[in-house]
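Working through the structure, step by step
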Amino acid sequence: EQKLLVNKLKQDNLLSKEEFLTLLKQSSEEISEYLFSLAREVRQKIYGNSVYIRGLIEFTNFCKNDCFYCGIRKSNANAERYRLLEDEILSACEIGYELGFRTYVLQGGEDGYYKDDFICNLISRIKRDYSDCAITLSIGERSYDSYLSYYQAGADRYLLRHETASEEHYQKLHPSNLTLSNRKRCLWDLKSIGYQVGSGFMVGSPYQKPENLIEDLLFLHELQPHMVGIGPFIPHKDTPFASESAGTLELTLYLIGILRLMFPNALLPSTTALGTIHPLGREKGILAGANVVMPNLSPREVRSKYMLYDNKICTGDEAAECRFCMERRMNKIGYEIAVDRGDYKGGKCYV
Ligand code: SAM
Ligand code: FES
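Please read all numbers here as calculations on a predicted model, not as lab measurements.

As a further point, take the overall build of the chain. On a plain count of helices and strands, the chain comes out with 14 helices and nine strands. Each principal axis of the C-alpha atoms in the chain carries an extent, and together these give about 55 × 45 × 40 Å. The 351 residues of the chain split such that 58% are buried. Within the chain, contacts between residues separated by at least 24 positions form 76% of all contacts whose residues are at least 6 apart in sequence. Accessible surface for the chain amounts to roughly 14000 Å². Of this, 50% is attributable to carbon and sulfur atoms. Between the averaged position of the 43 positive side-chain charges in the chain and that of its 46 negative side-chain charges there is a distance of 1 Å.

Once that is clear, we can look at the packing of aromatic side chains. To describe a pair of aromatic rings, one takes the distance between the centres and the angle between the planes. Inspection of every chain in the model, using the stated rule, returns twelve aromatic pairs. Ring geometry for Tyr104 against Tyr130: centres 5.9 Å apart, planes inclined by 70 degrees, an arrangement best described as edge-to-face. A residue pair is termed long-range when its members are at least 10 positions apart, and Tyr104 in strand β3 (residues 103–108) and Tyr130 in the loop between α5 (116–129) and β4 (134–138) qualify at 26 residues. You'll find Tyr104 and Tyr130 in the same group, each marked buried. A network of ring pairs unites the aromatic residues Phe59, Tyr113, Tyr114 and Phe118 as a single cluster. The residue whose ring lies beneath Lys3 is Tyr34, and the NZ or CZ to ring-centre distance is 4.9 Å. Above the plane of the ring of Phe62 lies Arg83, whose end atom (NZ or CZ) is 3.8 Å from the centre.

Before going further, it helps to spend a moment on the packing of helix α4 (residues 86–98) against α5. Where α4 contacts α5, the axes come no closer than 11 Å and their chain directions differ by 30 degrees. When the axes of α4 and α5 are compared, the pair comes out roughly parallel. The crossing of α4 and α5 is right-handed. Across from Glu86, Asp87, Ile89, Leu90 and Cys93 in α4, the residues of α5 making contact are Phe118, Asn121, Leu122, Arg125 and Ile126. Tallied by class, residues from the contact of α4 with α5 come to six nonpolar, one polar and three charged.

Empty space within the largest pocket amounts to approximately 350 Å³. Along the walls of the largest pocket sit 15 residues, with Ser32, Glu33, Phe36, Glu250 and Leu253 positioned nearest its centre. For the lining of the largest pocket, the elements supplying multiple residues, two or more each, are α3 (29–47), α10 (249–262) and α12 (281–287). Residue composition of the lining of the largest pocket, grouped by class: seven nonpolar, three polar and five charged. Its volume calculated, the second largest pocket comes out at about 160 Å³. Surrounding the second largest pocket, 14 residues form its lining, Ala79, His236, Lys237, Ser304 and Met307 being those nearest its centre. Residue classes in the lining of the second largest pocket are distributed as three nonpolar, six polar and five charged.

Here we come to the nonpolar core. Ranked by size, the top nonpolar core spans 97 residues in total, and within it Ile57, Tyr150, Tyr195 and Ile258 carry the most contacts. Not counting residues within four places of it along the chain, the set of residues in contact with Ile258 comprises Leu9, Phe20, Leu23, Leu24, Leu35 and Leu217. Ranked by size, the runner-up nonpolar core spans ten residues in total, among them Tyr47, Tyr52, Leu267 and Tyr344.

Let's shift gears to α5. Along its 14 residues, α5 runs 20 Å from first to last C-alpha, staying within 8% of the 20 Å computed at 1.5 Å per residue. Of all the positions in α5, only Ile119, Cys120, Leu122, Ile123, Ile126 and Lys127 are classed as buried. Burial along α5 is one-sided: seen end-on, the buried residues are contained in an arc of 160 degrees. Of the residues in α5, the exposed ones pointing more than 90 degrees away from the buried face are Asp117 and Arg128.

Ordered in space as β2-β3-β4-β5-β6-β7, the six strands form an open sheet in which the pairing is parallel. Unpaired on one side and paired on the other, β2 (55–60) and β7 (227–232) mark the two borders of the sheet. Ignoring strand direction, the axes of neighbouring strands in this sheet form an average angle of 20 degrees. Across three bridges, the pairing between strand β5 (residues 157–159) and strand β6 (residues 196–203) is parallel.

What counts as what
Residues numbered from 1 in each chain as written. Chains lettered and ligands numbered in written order. Predicted model: local features only at pLDDT ≥ 70, side-chain atom pairs only at ≥ 80, totals over all residues. Heavy atoms only, no water. Helix = DSSP H or I, 4+ residues; strand = E, 2+ residues; numbered from the N terminus. Buried < 20%, exposed > 50% of the residue type's maximum accessible area, 1.4 Å probe, protein only. Contact = heavy atoms within 4.5 Å. Areas by Shrake-Rupley, 256 points an atom, 1.4 Å probe, with all protein chains shown as cover. Lys, Arg positive; Asp, Glu negative; His and termini not counted. Charge placed at Lys NZ, Arg CZ, Asp CG, Glu CD. Phe/Tyr/Trp six-rings, centres within 6.5 Å; stacked < 30°, edge-to-face > 60°. Lys NZ or Arg CZ within 6 Å of the ring centre and 35° of its normal. Axes fitted to C-alpha atoms, helices over the stretch in contact; angles between N-to-C directions. Parallel < 35°, antiparallel > 145°, perpendicular 65-115°, else oblique. Left-handed = near helix turned anticlockwise from the far one by under 90°. Nonpolar A, V, L, I, M, F, W, Y, C, P; charged D, E, K, R; others polar. 1 Å grid on protein atoms, 1.4 Å probe; cavity = no way out; pocket = protein on both sides within 12 Å on 5 of 7 lines; lining within 4 Å. Points joined across faces, edges and corners; volume = space filled by probe spheres on them. Core = buried A, V, L, I, M, F, W, Y, C linked by side-chain atoms within 4.5 Å. Expected span 1.5 Å × (residues − 1). Arc of directions from axis to C-beta. Pairing = 2+ DSSP bridges.

Read these as geometric descriptors, not functional statements.
This is the structure:
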């Protein structure tokens, strides 16, 4: 019985491969609702009905990589490239602070233009001006020493999705110079340095099998991250995956519910991609067990250029509009936005 498996997952925070597969393959609306209700209960116990906000600053769309799924891959000649200057990033932080953000997520393509010195200097300046804020980096694969220098400069968290934990699947999504083993090496390095670490994967990416998703869950269990970001794969018209179909709302929500039971204490975002495939996607993500949203804080002029996939939402809005839109959306479903760094709360998490 599916319900027993959900109960067991809540109890043990883990299932066997076979059990996970059964849970995944034989889902139904009834079992989803049951899963979501337990996920909400667990989240409520640890985080109450607070939803944490992160101000997402997309500071460069230059990227040296060529991931087959991504709209800002280097081979996409149609992408209009931009880089934000330090002052532009700092003024986004200032606007964000006024709006109640206490975490800045600095995200970008893998852009060699920003050397370690630049990143470290930027981090210290933000920390100096906004000492009650957390800084999350999301700038891809770097060396141990680089990660260490950012941490020492004051970065608190790092987001690096593993994308897929299957070697074979990884190679179908990336050119051969990118490897799953280096991606994992980065994640372990980040953990050992002391970052709050976020990993995650795309749901419904091309060639993904249910078995691959189980591998993702088992890898995450091994990693014990503080944050797990998942969202549906959505095709981008100028990539090799232009004509592939998007991941579904149902499967993404189902996996959010499963992740909440596996990681009761984790910070789980209800992502922009989820909001892109369904107008109420982000609300549904919260109701499935997520507890973080990441409104866009990038300057409006560059928003539409950070186009990872087609039809990305919020590309025409000002930071304040997104911020208040999100508050209305969360209030409507009975949740409150917290003006708080929103750090990981306790629980087991070991290196
Ligand atoms: N370059 C950094 C990195 O690779 O971690 C951060 C930026 S990268 C664009 C952020 C995330 O966007 C990736 O981890 C990937 O999961 C997601 N992404 C890229 N293309 C996508 C697509 N077509 N659909 C859904 N998510 C996508
Ligand atoms: Fe950006 Fe609603 S969150 S407009």
